[in-house]
Protein chains: 2
Amino acid sequence: MIILGVDPGLTRCGVGVIEAGAYRRLSFIHVDVVRSDPHESQDLRLLKIYNGLCAKIDEFAPDTVSIERVFAQENRNTVLGTAQAAGMAMLAAAQRNIPVALHTPTESKMAITGNGKAEKIQVERMVARILSLNTLPKPADAADALAIAICHALRPQGALEGGEREQHLTAAQRQWAQASQHAAHGRGVRRGM
Amino acid sequence: MIILGVDPGLTRCGVGVIEAGAYRRLSFIHVDVVRSDPHESQDLRLLKIYNGLCAKIDEFAPDTVSIERVFAQENRNTVLGTAQAAGMAMLAAAQRNIPVALHTPTESKMAITGNGKAEKIQVERMVARILSLNTLPKPADAADALAIAICHALRPQGALEGGEREQHLTAAQRQWAQASQHAAHGRGVRRGM
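Not measured: the values here are computed from a predicted model. (Residues numbered from 1 in each chain as written. Chains lettered and ligands numbered in written order. Predicted model: local features only at pLDDT ≥ 70, side-chain atom pairs only at ≥ 80, totals over all residues. Heavy atoms only, no water.)

Turning next to the pairing of strand E2 (residues 12-20) of chain A. Residues and elements named next belong to chain A. Extensive coverage of E2 is indicated by the burial of seven of its nine residues. With six bridges connecting them, strand E1 (residues 2-7) and E2 associate as antiparallel partners. Its bridge partner lying in E2, Asp7 is registered against Gly14. Linking E1 to E2, which pair antiparallel, is a turn of four residues. Two strands pair when backbone bridges link them, and E2 and strand E3 (residues 26-35) are joined in this way by nine bridges, in the antiparallel orientation. Across the sheet, residue Ile18 finds its bridge partner in E3, namely Phe28. Linking E2 to E3, which pair antiparallel, is a turn of five residues; within it Tyr23 sits at a positive phi near 55°. (Buried < 20%, exposed > 50% of the residue type's maximum accessible area, 1.4 Å probe, protein only. Helix = DSSP H or I, 4+ residues; strand = E, 2+ residues; numbered from the N terminus. Pairing = 2+ DSSP bridges.)

Here it is, written out as structure tokens:
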């Protein structure tokens, strides 16, 4: 199963591709950053990001596109552009009938390090270890894109199915479910996407 | 000059088309709402909105697509979906080499009623009067889409060119420039798009 992870961004949009084999064995396939020029107009920047993501999806033909979920309460200057870049990834996948999964940064950290509040460097080291990379993936956007792809591969089945009841989950799965719930509700109502 | 206005929304995305002739004479061409089902997944909803907007743009071949600007500080549940719907409109226009204009609600009210803080019903009445409609445009999303198209047609040249200095502007143009500035800076730094 090929998973293409997207760390959405309007200036730099990370793309990471992995293969998830039997026994949760994960292999690195590709990592890159799709960029747009901040001096161009918003519409042309979105077109650039969209075209770049379409090219990656067509090249690697993923079974799932896994995208980092954007929250409105992250009230940074760039949040709308980030949401729109995520929208470009969703559109590109939907146009090709490829399922889309949205994962929060907390879910990603939990899946990769076992700690939803792990430091960035911890996550990068674990990404490198899980994918048997000799060096840390660079740049950071690319590492995050690999992390969000790995997150989808390592997610507990309870999270996958969505309909599983908590009592059927293992301890790790319960922890995951709580992290998801925290992300969806604890930080305020889930916003918009 | 054909102008296609978009009042972005994920559930209901208003589309209004007008023709701007000589002496700022404006004629009504079309109004409609592109919808997506709130029960569908985000990616399929964006695909629906994108396809609907592409169909409208291809049908009416506008010279400009005028879109209501979205602000992150409108911290509603729906702001990210709204921004993504606006992104779909920008992408659809950019793919066809059609220029995109973003206008704030304040600019739109100012252009149509002369008052940047006009009530919704005032704006709707003026839209109907400007376009010589016998009844108020319905539904509200559609009226807003016509308003944003009219706003682009009636904008002062100072706003159009962007490079004009304030001292070259008429009183109305200065008022407009101030409204734009208020929208961009007075409500906090402009966010993301």
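Okay, the UniProt feature "active site" (unreviewed entry) in chain A next. All names here are of chain A. Following the UniProt record, one finds the feature "active site" (unreviewed entry) at Asp7, Glu68 and Asp141. Despite a sequence span of 135 residues, these residues sit close together in the fold, their greatest C-alpha distance being 11.2 Å. Inspection of the secondary structure assignment puts Asp7 in strand E1. Leaving out residues up to four positions away in the same chain, Asp7 has contacts with Arg12, Cys13, Gly14, Glu68, Asp141, Asp144 and Ala145. Here Glu68 shows up in strand E4 (residues 64-68). The contact partners of Glu68, leaving out residues within four places of it in the chain, are Val6, Asp7, Pro8, His103, Pro105 and Ile148. (UniProt positions renumbered as here; feature names shortened; annotations may be inferred. Contact = heavy atoms within 4.5 Å.)

On to the packing of helix H3 (residues 105-113) of chain B against helix H4 (residues 120-130) of chain B. Residue and element names in this part refer to chain B. Contact pair H3 / H4: the axes reach a minimum separation of 9 Å and the direction vectors enclose 55°. Judged by the inter-axis angle, H3 sits oblique to H4. The hand of the H3/H4 crossing is left-handed. Here Lys109, Ile112 and Thr113 of H3 come into contact with H4, specifically with Gln122, Val123, Met126, Val127 and Ile130. (Axes fitted to C-alpha atoms, helices over the stretch in contact; angles between N-to-C directions. Parallel < 35°, antiparallel > 145°, perpendicular 65-115°, else oblique. Left-handed = near helix turned anticlockwise from the far one by under 90°.)

In this structure the tally under the stated criterion is eight salt bridges over all chains. A:Lys48 is the partner of A:Glu40 in a salt bridge, and the nearest nitrogen-oxygen pair spans 3.7 Å. (Salt bridge = Lys/Arg side-chain N within 4 Å of Asp/Glu carboxyl O.)

Okay, the packing of H3(B) against helix H5 (residues 140-154) of chain B next. Residues and elements named next belong to chain B. Contact pair H3 / H5: the axes reach a minimum separation of 8 Å and the direction vectors enclose 70°. By the angle class used here, H3 and H5 are roughly perpendicular. Between H3 and H5 lies a crossing whose hand is left-handed. Contact residues: Glu107, Ser108, Ala111 and Ile112 in H3; Ala147, Ile148, Ile150, Cys151 and Leu154 in H5. Residue classes in the contact of H3 with H5 are distributed as seven nonpolar, one polar and one charged. (Nonpolar A, V, L, I, M, F, W, Y, C, P; charged D, E, K, R; others polar.)

With that settled, the discussion passes to the confidence of the model for chain A. Residue and element names in this part refer to chain A. With 78% of its residues at a pLDDT of 70 or more, chain A has an overall mean of 83. Segment residues 158-170 is flagged for pLDDT under 50; beyond a separation of four residues in sequence, or across chains, it makes 13 contacts in the model. Predicted confidence is poor over residues 183-193, with pLDDT under 50, and the contacts of this stretch with residues over four places away or in other chains come to 35 contacts. (pLDDT = per-residue confidence, 0-100.)

What follows covers the side chain of A:His30. Residues and elements named next belong to chain A. Along the chain, His30 turns up in strand E3. You can call His30 buried: its relative accessible area is 17%. Looking at His30, its side chain comes within polar contact range of the side chain of Lys56, at 3.0 Å. Those residues in contact with His30 that sit more than four places away from it in its chain are Val15, Gly16, Val17, Lys56, Phe60 and Leu146. (Polar contact = N/O pair within 3.5 Å; in protein donor to acceptor, adjacent residues only side chain to side chain.)

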